[in-house]
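Examining the three-dimensional arrangement
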Amino acid sequence: MEFTDSYKQTGPCCFSPNARYIAAAVDYRLVIRDTQSFKVVQLFSCLDKISYIQWALDSEYILCGLYKRPTIQVWSITQPEWTCKIDEGLAGIAYARWSPDSRHILTTSDFQLRLTVWSLLNTACVHVRWPKHPVKGVSFTRDGKFAAVCTRRDCKDYVNLLSCDSWEIMGVFAVDTLDLADVEWSPDDSSIVVWDSLLEYKVLIYTPDGRCLLKYQAYESGLGVKSVSWSPCGQFLAIGSYDQMLRVVNRLTWKTFAEFMHLPNVRGSSCAVVFKEEDEQPQLDIAGLCLSSDPYDSNFDVSERQIGVRYEVADLPITLPFQKPAMDKPNPKQGIGLMAWSSDSQYIYTRDDTIPTTLWIWDMQQLQLAAILLQKEPIKAAVWNPTSCRLAFCTGSSHLYIWTPSGAYCVSNPLPHFTVVDLKWNSDGSYLLLKDKESFCCAALPILPESSDYSSDD
């Protein structure tokens with residue numbers, strides 16, 4: 001694995017959808033680098049510190065959210081002299097996002113007064129009143145033709161279907177939720193899933209014309225849904241709950257066919273392989289030692305040496321470190337906080353927030369636990385490679401961790417004083433962006449060999 005030099009950043013940074021550029025916010029400046037040479041190809045100066053950036057899907061434009069003003073500035077990569085500024089005035093801007101056509105921007109005002117669609121082609125704009133959430137509550141179809149926008153009026157939640165061509169409201173239907181949390185189109189654009197807030201366990205699936213296909217409620221009188229995710233193939237819907245359960249619904253029958261518990265005690269009958277992170281014992285090079293009359297005269301600095309780590313396969317049964325959530329505080333740290341499918345829909349990883357140092361990987365073909373990765377520190381972020389079955393994750397240390405169906409391994413970042421707090425793949429899966437608190441770097445990973453079994457060498 002090869003690492004680039006580190007580059008400064010003070011905020012968001014991400015790859016462009018076409019994987020040609022990487023954008024990084026440095027205070028009020030937006031720096032665009034080429035992903036091959038990492039040279040600066042464009043430099044834009046904004047009016048204030050950049051809080052948020054997002055690429056258009058065609059990688060021609062990029063928007064910068066200056067939420068302290070609040071203002072949105074848009075820049076063109078191919079026409080650097082072209083500029084655009086969006087200001088909602090007293091209404092403010094809480095969030096902004098691109099439409100799939102890359103020529104319209106949707107902004108949500110403060111206090112969710114309205115959602116506005118701005119056109120880069122002309123001065124026309126369309127308003128949708130009372131959006132439910134500033135960031136969530138908006139989902140686009142895979143073909144980019146329609147948008148589902150959640151609104152709330154008269155103490156009831158609604159889903160509005162908008163055409164992304166004319167931005168006219170094509171239909172509106174009420175949903176049976178007490179306090180809608182989010183909405184998401186299915187990968188085949190045939191259905192819409194909505195789910196309630198954490199106070200009510202309820203998952204609802206509707207057709208675009210408002211017919212309810214499924215009303216799923218696993219239990220009552222408890223904290224409900226925490227995370228929901230469609231599989232890339234569109235056949236499965238994964239539901240992570242506050243009761244530490246992962247439930248998977250089959251789209252063909254709309255029935256639950258798998259339920260996975262996250263227990264701190266893993267039994268010996270489990271088929272899972274447990275990878276436990278351990279410190280490597282430092283090896284002393286005797287050939288490099290020399291005797292000196294001055295005991296303080298030494299060029300050896302132990303503090304500068306980076307301690308390596310490695311995985312050991314732990315024996316079963318095993319007890320995982322468990323943190324009891326504080327019941328007297330809001331938003332308790334329990335339940336499935338992280339969850340995502342692999343690109344081939346065969347695996348799904350989860351992290352139970354009461355066991356934050358453990359990553360669980362489930363095999364959806366065998367319907368069993370495939371692997372457990374036990375770390376020394378809580379897991380910060382985890383992302384699947386978009387083109388292969390490779391999972392990368394970080395814990396806020398100087399190491400990068402990789403899991404594949406063939407095994408797991410740890411990689412030490414050679415950059416000094418660099419701790420990985422977040423990471424992202426580019427669209428073709430060839431580069432991995434590693435983010436520190438004030439800098440970032442990229443890592444190039446070798447092509448994954450075609451293997452699906454654990455080898456004895458791992």
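Given the structure is predicted, the values throughout are model-derived calculations rather than measurements.

**Things to note about the overall build of the protein**
A tally of regular secondary structure across the protein gives 0 helices and 41 strands. Computed over C-alpha atoms, the radius of gyration of the protein comes to 24 Å, within 12% of the 23 Å expected from 2.2 N^0.38 for 458 residues, which places it in the range of a compact globule. With respect to the three principal axes, the spread of C-alpha positions in the protein is 80 × 60 × 45 Å. Each of the 458 residues in the protein was classed as buried or not, and the buried ones make up 52%. Sequence separation of 24 or more characterises 45% of the internal contacts of the protein that already satisfy a separation of 6 or more. Surface exposure of the protein reaches about 22,400 Å², of which carbon and sulfur atoms provide 50%. A gap of 7 Å separates the mean positions of the 41 positive and 54 negative side-chain charges of the protein.

**Here we look at the sheet that holds strand β15 (residues 138-140)**
Taken in spatial order, the 4 strands make up an open sheet running β15-β16-β17-β18, and their pairing is antiparallel. The open sheet has two free edges, formed respectively by β15 and β18 (169-174), since each of these has just one partner strand. Between one strand axis and the next, the sheet turns by 20° as a mean value, whatever way the strands run. In terms of strand pairing, β15 meets strand β16 (residues 146-153) through 3 bridges, oriented antiparallel. Each bridged residue has a counterpart across the sheet, and for Val138 the counterpart in β16 is Val149.

**Section: a positive patch on the surface**
On the surface, Lys329, Lys333, Lys380 and Lys437 cluster together into a patch of positive charge. Within the element layout of this structure, Lys329 appears in the loop between β30 (318-319) and β31 (336-341). In this structure Lys329 comes out as exposed when scored by relative accessible area, which is 55%.

**Some words on the pairing of strand β33 (residues 358-363)**
Of all 6 residues that make up β33, 6 are buried, and the element is covered over most of its length. One ladder, built from 4 bridges, connects strand β32 (residues 347-352) with β33; its direction is antiparallel. Considered in β33, the bridge of Thr350 is made with Trp360. Hairpin remark: β32 followed by β33, antiparallel, with 5 residues in the connecting loop. Here β33 pairs with strand β34 (residues 368-374) via 6 bridges, running antiparallel.

**Quick look at the confidence of the model for the protein**
When the pLDDT values of the protein are averaged, the result is 91; 92% of them are 70 or greater. Note that pLDDT drops below 50 for residues 295-304; the model gives that stretch 2 contacts with residues more than four away or on any other chain. For the stretch residues 454-458, pLDDT sits under 50, and the model shows 12 contacts to residues farther than four places along the chain or on other chains.

Criteria and cut-off values
Residues numbered from 1 in each chain as written. Predicted model: local features only at pLDDT ≥ 70, side-chain atom pairs only at ≥ 80, totals over all residues. Heavy atoms only, no water. Helix = DSSP H or I, 4+ residues; strand = E, 2+ residues; numbered from the N terminus. Rg over C-alpha atoms; globule rule 2.2 N^0.38 Å. Buried < 20%, exposed > 50% of the residue type's maximum accessible area, 1.4 Å probe, protein only. Contact = heavy atoms within 4.5 Å. Areas by Shrake-Rupley, 256 points an atom, 1.4 Å probe, with all protein chains shown as cover. Lys, Arg positive; Asp, Glu negative; His and termini not counted. Charge placed at Lys NZ, Arg CZ, Asp CG, Glu CD. Pairing = 2+ DSSP bridges. Axes fitted to C-alpha atoms, helices over the stretch in contact; angles between N-to-C directions. Patch = residues over 30% accessible without salt bridge, like charges linked within 9 Å, V, L, I, M, F, W, Y side chains within 5 Å. Salt bridge = Lys/Arg side-chain N within 4 Å of Asp/Glu carboxyl O. pLDDT = per-residue confidence, 0-100.

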